[in-house]
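Take a look at the letters that make up each chain.
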Amino acid sequence: QVQLVESGGGLVQPGGSLRLSCAASGMIFSGYAMGWYCQAPGNRRESVASITSGGYTSYADSMKGRFTISRDNVKNTVYLQMNTLKPEDTAVYYCNANSAYWNRNYWGQGTQVTVSS
């Protein structure tokens, strides 16, 4: 059974940093593209950053230069380092695993990030 478990969310002041982690189990982690999405109240879920199985990364324009996605294929974990956080970054952040080859797509349960003074 595939599980994606996010951690690291919380309350942070504007300008602060957080590091989200997503631990995967029950899957061949290295074969999946991994991504982070966010969803604020009343909004649709949007892509934040992604990293392919080969390590190629991409980011939403509003996150470029502030967020960094990385993966550890030994620990089966994907990370999202978030710096210079803004109140508009407040959202639930979800981890995603996707494989076009295996036609599989999985979501974590989400972790709340709140940026407020």
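Cut-offs applied
Residues numbered from 1 in each chain as written. Predicted model: local features only at pLDDT ≥ 70, side-chain atom pairs only at ≥ 80, totals over all residues. Heavy atoms only, no water. Core = buried A, V, L, I, M, F, W, Y, C linked by side-chain atoms within 4.5 Å. Buried < 20%, exposed > 50% of the residue type's maximum accessible area, 1.4 Å probe, protein only. Contact = heavy atoms within 4.5 Å. Helix = DSSP H or I, 4+ residues; strand = E, 2+ residues; numbered from the N terminus. Polar contact = N/O pair within 3.5 Å; in protein donor to acceptor, adjacent residues only side chain to side chain. Pairing = 2+ DSSP bridges. Axes fitted to C-alpha atoms, helices over the stretch in contact; angles between N-to-C directions.

1. Focus on the nonpolar core
Grouped together as the largest cluster of nonpolar side chains are 29 residues, with contacts concentrated most on Met34, Trp36, Val48, Val78, Leu80, Met82 and Tyr93. Those residues in contact with Val78, other than ones at most four positions away along the chain, are Leu20, Ser21, Cys22, Phe29, Met34, Trp36, Ile51, Ile69, Ser70, Arg71 and Cys95.

2. Details of the side chain of Asn96
Counting through the fold element by element, Asn96 comes out in strand 9 (residues 91-99). Polar side-chain contacts of Asn96 include one of 3.1 Å to the backbone oxygen of Tyr106. Apart from residues no more than four positions distant in its own chain, Asn96 is found in contact with Leu4, Ala33, Met34, Gly35, Tyr37, Asn105, Tyr106 and Trp107.

3. As for the sheet that holds strand 7 (residues 67-72)
Across the sheet, which stays open at both edges, the four strands sit in the order 1-3-8-7 with antiparallel pairing between neighbours. For this open sheet the edge positions go to strand 1 (3-7) and strand 7, each flanked by a neighbour on one side alone. Between one strand axis and the next, the sheet turns through 15 degrees on average, direction left out of account. Pairing geometry for strand 7 and strand 8 (residues 77-82), over six bridges, is antiparallel. Each bridged residue has a counterpart across the sheet, and for Thr68 the counterpart in strand 8 is Gln81.

Geometric values such as these leave the question of function open.
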